[in-house]
Amino acid sequence: MRLSQKHLTLIVLAVLVALAPAFFPSNFYYRIGALIFVNGLAVTGLVVLIGFAGQISLGHAGFAGIGAYACALAPGYLGLHPGLAMLLGAVLSGGVAWLIGRPILRLKGYYLAVATLGFGILVSMVLANEAKITGGPDGREVAELGLRSALASIGIGLSNAQFWYAATGLSMLAGAWIALNLHDSPSGRALRALHDSEVAARTVGVDVARLKLSAFVISAVYASLSGSLLALMNRFITPDVAGFLHSIELVTMTVFGGVGSVPGAILGAATLTLLPQALTVLQQYENLILGLIMMLVMIFMREGLLPSIMRRLKGKG
Amino acid sequence: MTLLSVDGLGIDFGGLTAVNDVGFSVSPGEIVSVIGPNGAGKTTLFNMISGVYQPQRGKVILDGADVTGLAPNRLAERGLSRTFQNLQIFQRMSVLENAMTGCHLRERGPVLSDLLSLPSSRRRSAVTRARATELLERVGLARASEREASSLSYGALKRLEIARALALEPRILLLDEPAAGCNAVETEEIDHLIAEVAKSGVAILLVEHDMKMVMRISRHIVVLDRGEKIAEGAPAAVSRDPKVIEAYLGTQSVEAGDAVG
Ligand SMILES: Nc1ncnc2c1ncn2[C@@H]1O[C@H](COP(=O)(O)OP(=O)(O)OP(=O)(O)O)[C@@H](O)[C@H]1O
Ligand SMILES: [Mg+2]
């Protein structure tokens, strides 16, 4: 039997994650890799929402904020293990997404964009203003996950950077697997159908409101887990994780890499996490060049990096 | 034995009465055509019956139940399926996936099992794939099944919509100009397909400008003009009706046989 597209994608991603460290000039790159994977997880959720279902959100960092602060607060206030706090954050984010998604997802296009934007701003305001609980704009320490020492006790000794590289890499791969499963499943087809024609999707029996809501909840859980991982990895978190800029960054990575494609969005996350690092040698021109590259890619590769490259390869091959 | 009946159906858009007081009925296995000049209100009538528009007046009765104003997906659950005059294809999906989406009601299941690709989810997809492949063969698109839908010709897309609509295994099928933009051979194929589907017991409501086709396959014809029903009856009687001929005057004669408009 031929290898399916899904398995091929997963194998390529897994090989890249596993082999990349062989080319790292220094240990610092484990951290860059982990940041890429944390972003990769969040953008995979956005592929489900924007790429599959065709619904925009400019407030998904709000869910990352819920996930991050669940890990920061639940161990202290509820005595939960940080791993369980991560789950609690995911459930909370899913629940909030379900509640606000019902009224919000009736909106379309820029109306939906503004409504989700409002949600993101709301979350970051609460996190910044409830200083007694959250530590306010100065941020807050996060408890140690404790998994690394558990691994060390069974003979798997990893440096902190290596551990987080592996943990976030595996999380991102699991996230990609789930999103790729969805893509080719009955629910995924229905989502992509309503993206292309809502009226036709309805007439074949798709419950459009319910499916949009599912996509919104799923993507919120992805963002939440990404925020949790970031908090646990950094052992420190500020309300910026829920901020407007982070929301925009995530959408930009998704669209830049290829909004309908899981590996595309991950490539987008990798490129836009790496580029600023690589461009620091340009000093004051860094942002100028970064902006220019983004504009040129979107002008000449309007489907995003990966889908455009694939199309060109196929066209020639 | 009536499957679908509409009674006194009407809707206005601003000051314009697009459809007014239209009524008729369709039985299983019967082909009823709705004809009329451009802008007569045929598509609007379909949109009201299929739940895309909310009727402002009148009733739609499906299998004895009042379904007026039900959402399209609810009507689909009750066995009503349709195609669109102005193509509503899922452009970014493959031809096969378009047909598979027509099986949504049969293949849908818990989202969680789809996310984890549980055996039940894969089984549902596999059944759908087989069924959609059969349907594509039936409309002559089997060889294009892996292509992106947007790459098909207009005539092929028309047939793809029919395949998708048939995938619901409907009890009543609404076809809005299925042969528009198709060449003579394609039109004949569609003609056969419709007759065959009707023979299997599906009630068919057809809007078509190709009068040859309408006269040949319809059991009953409803004529609309400016939103009102001006005549109805057997094809032979309708084509001789002076009111019908007058409605078409200035455009083309009903018996001329070619597409009007
Ligand atoms: N959504 C709408 N808003 C306003 N006017 C509409 C709308 N839909 C249809 N109309 C108007 O209602 C009238 C009937 O249109 P409809 O599309 O039903 O005609 P039709 O019989 O299908 O014509 P054709 O043969 O050209 O397809 C037209 O005057 C049209 O402009
Ligand atoms: Mg029409």
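Here, the structure is the one placed above.
As a starting point, this report considers the structure included with it. None of these values were measured; they are calculated from a predicted model.

Next up on the list: the interface of chain A and chain B. Counting residues at the interface gives 29 residues for chain A and 34 residues for chain B. At the boundary of chain A with chain B, total buried surface from both sides reaches about 2600 Å², with 60% on carbon and sulfur atoms. Taken as a group, R189, T203 and V204 of chain A account for 25% of the area that chain A buries against chain B, more than any other trio of residues on that side. At the boundary of chain A and chain B, one finds 5 salt bridges. A salt bridge links R311 of chain A to E148 of chain B, with the shortest nitrogen-to-oxygen separation between them at 4.0 Å. Counting every contact that joins chain A to chain B gives 10 residue pairs in polar contact (both at pLDDT 80 or more). At the level of elements, α8 (160–183), α9 (186–196), α10 (198–203) and α11 (208–234) of chain A are the ones that each hand at least two residues to the side of chain A that touches chain B. Examining the composition of the side of chain A that touches chain B, we find that 8 residues originate from one element, α9 of chain A, more than from any other. Classifying every residue of the side of chain A that touches chain B by side-chain character gives 13 nonpolar, 8 polar and 8 charged.

All names here are of chain B. All of the protein donors around the magnesium ion (ligand 2) are T43 (OG1) and Q85 (OE1); their distances to the metal are 1.9 to 2.0 Å. Taken together, the positions of T43 in helix α1 (residues 42–49) and Q85 in the loop between β6 (80–82) and α3 (95–101) put the pair 42 residues apart, joining distant regions of the chain. Its relative accessible area of 31% is what places Q85 among the partly exposed residues.

This part covers the site of ligand 1. Residue and element names in this part refer to chain B. Near ligand 1 lie 14 residues; those nearest to it are G39, K42, T43, T44 and Q85. With respect to ligand 1, the backbone of G39 contributes an N or O atom lying 2.8 Å from an oxygen atom. Against a free-state accessible area of 640 Å², the protein chains account for coverage of 65% of ligand 1. Put simply, the parts of the chain that give the shell around ligand 1 at least two residues each are β2 (16–26) and α1. Of all the elements, α1 adds the most residues to the shell around ligand 1, at 3 residues. A breakdown of the residues in the shell around ligand 1 according to their chemical character gives 5 nonpolar, 7 polar and 2 charged.

Let us now look at the pairing of strand β10 (residues 228–233) of chain B. Residue and element names in this part refer to chain B. As paired elements, strand β9 (residues 220–225) and β10 share 5 bridges and run antiparallel to each other. Note on β10: the bridge partner recorded for D225 is E228. Here β9 hands over to β10 after 2 residues, with R226 in that stretch at a positive phi of 45 degrees.

Reading guide: rules and limits
- Once a new chain begins, its residue numbering starts again from 1 and follows that chain's sequence as written.
- Numbering of ligands from 1 and lettering of chains from A proceed in the order in which they are written.
- In keeping with the predicted nature of the model, local features appear solely for residues at pLDDT of at least 70, side-chain atom pairs appear and are counted solely at 80 or more, and the whole-chain, interface and lining totals rest on all residues.
- Heavy atoms throughout the structure, all of them, feed into the side-chain values; hydrogens and water do not.
- Whether two residues are in contact is decided by their heavy atoms: any pair within 4.5 Å suffices.
- Using a 1.4 Å probe, buried area is obtained as the accessible area two parts lose upon being combined, added over both of them.
- Whenever Lys or Arg places a side-chain nitrogen within 4 Å of a carboxyl oxygen from Asp or Glu, that contact is recorded as a salt bridge.
- Within 3.5 Å is the distance limit for a polar contact, defined as a pair of N or O atoms, with the added protein rule that one can donate a hydrogen and the other accept it, and that residues adjacent in sequence qualify only through two side-chain atoms.
- Under the DSSP-based scheme used, a helix requires at least four consecutive residues in state H or I and a strand at least two consecutive residues in state E, with every element numbered from the N terminus.
- Any residue outside Ala, Val, Leu, Ile, Met, Phe, Trp, Tyr, Cys, Pro, Asp, Glu, Lys and Arg is labelled polar, Gly included; the first ten of those are nonpolar and the last four are charged.
- Each metal's donors are the N, O and S atoms found within 2.8 Å of it, except that Na, K and Ca use a 3.2 Å limit; water is left out, so coordination can look incomplete.
- Between buried and exposed lies partly exposed: a residue is buried under 20% and exposed over 50% of the maximum accessible area for its type, with that area taken using a 1.4 Å probe on protein chains only.
- Only heavy atoms are used to decide nearness, and a residue is near a molecule or strand if one of them lies within 4 Å of it.
- All accessible-area figures derive from a Shrake-Rupley calculation using a 1.4 Å probe, and residue coverage is judged against the displayed protein chains alone.
- Two strands qualify as a pair provided DSSP detects at least 2 bridges between them.

So, to be careful, I would describe these as geometric facts and stop short of saying anything about function.
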